[in-house]
Amino acid sequence: MTPRSERTLIVLRHAKSDWSGGEADIDRTLNPRGQRQAPEAGSWLAEHVPAIDLAVVSPATRARATWALASAELNESPEARIDDRAYAASVNDLLQIVRELPDELQNVILVAHNPGLEDLVSVLTGESVTLPTSALAVLGVPGTWAELDASTAVLVTSGRATRAGLT
């Protein structure tokens, strides 16, 4: 029997979006604050996560823009996969996305929306977290992605990235 390897699931809530226009929710862009927040999240990732194997990103404009700005701060940007199921997703939808990840992936980031992301972290870790815009949560995942279930992950850290770290 081979030992179980630890995987890491990083969840990133999209940065602050712009509500001033009349566009559909899925088409909302980032506002100036969001355009500053997203690179800070990327800088934190570059400093604290050795490598990300895959980014699973909601199709919403604000989520894609968040990932584009955050990933630009990384030494090596991973493949990004847009997953339509991540937009306005329930905790069950997000859990299904994660459980379908290939086992060879060790570090995966999921860029999506609340309340689904907060609910996902809560279900997986048994801990309640608040994820304001551009906040991150890092979860340690023992075993395979497919085995991920309620209270099987460990909350390593969470908060909004700033120049001083996560707050």
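This text goes with the structure placed above it.
Residues numbered from 1 in each chain as written. Predicted model: local features only at pLDDT ≥ 70, side-chain atom pairs only at ≥ 80, totals over all residues. Heavy atoms only, no water.

Right, let's talk about the sheet that holds strand 3 (residues 79-82) for a bit. Strand order in the open sheet formed by seven strands is 3-2-4-1-5-6-7, with mixed pairing between adjacent strands. Each edge of the sheet is formed by a strand with only one pairing partner; in this case those strands are strand 3 and strand 7 (165-166). Relative to strand 6 (residues 154-162), strand 5 (residues 135-141) runs antiparallel, the two sharing six bridges. Directly across from V138, in strand 6, lies its bridge partner T157. Its contacts with the sheet place helix 3 (residues 91-99) against strand 1 (7-13), strand 2 (54-57), strand 3 and strand 4 (107-112), and it is angled at close to 150 degrees to strand 4. (Pairing = 2+ DSSP bridges. Helix = DSSP H or I, 4+ residues; strand = E, 2+ residues; numbered from the N terminus. Contact = heavy atoms within 4.5 Å. Axes fitted to C-alpha atoms, helices over the stretch in contact; angles between N-to-C directions.)

With that settled, consider the pattern of salt bridges. Close approach of charged atoms lets side chains of opposite charge pair. According to the stated counting rule, one finds six salt bridges in the structure shown. With its nearest N and O atoms 3.9 Å apart, the salt bridge here joins R81 to D83. Taking relative accessible area as the criterion, R81 reaches 31% and is therefore assigned partly exposed. A salt bridge links R85 to E100; its shortest N-O distance comes to 3.0 Å. Of the two residues, R85 sits in the loop between strand 3 and helix 3 while E100 sits in the loop between helix 3 and strand 4, which places them 15 residues apart along the sequence. On the accessibility criterion, R85 (35% relative accessible area) is partly exposed. Here E100 falls in the partly exposed class, since its relative accessible area comes to 45%. Linked through salt bridges whose partners overlap, the residues forming this network are R81, D83, R85 and E100. (Salt bridge = Lys/Arg side-chain N within 4 Å of Asp/Glu carboxyl O. Buried < 20%, exposed > 50% of the residue type's maximum accessible area, 1.4 Å probe, protein only.)

Three or four residues apart is the spacing at which side chains of an α-helix point the same way, because the helix has 3.6 residues per turn. All buried positions along helix 2 (residues 61-71) are accounted for by T61, R62, A63, T66, W67, A70 and S71. The inward-facing, buried residues of helix 2 abut strand 1, helix 1 (32-48), strand 2, strand 3 and strand 4.

The subject of this paragraph is helix 4 (residues 116-125). For helix 4, the complete set of buried residues consists of G116, L117, L120, V121, L124 and T125. For helix 4, the buried positions fall inside an angular range of 140 degrees around the axis, keeping them on one side. Just downstream of helix 4 lies G126, where phi reads positive at about 75 degrees. (Arc of directions from axis to C-beta.)

A word on the environment of V154. In this fold, V154 is placed in strand 6. Leaving out residues up to four positions away in the same chain, V154 has contacts with T125, V138, L139 and G140.

Before going further, it helps to examine the packing of helix 3 against helix 4. In contact at an axis separation of 8 Å, helix 3 and helix 4 are set at 70 degrees when each is read in the N-to-C sense. Taken as axis vectors, helix 3 and helix 4 run roughly perpendicular relative to one another. Seen from above, helix 3 lies across helix 4 with right-handed handedness. Listed contacts from helix 4 to V91, L94 and L95 of helix 3 are G116, L117, D119, L120, V123 and L124. By residue class, the composition of the contact of helix 3 with helix 4 is seven nonpolar, one polar and one charged. (Parallel < 35°, antiparallel > 145°, perpendicular 65-115°, else oblique. Left-handed = near helix turned anticlockwise from the far one by under 90°. Nonpolar A, V, L, I, M, F, W, Y, C, P; charged D, E, K, R; others polar.)

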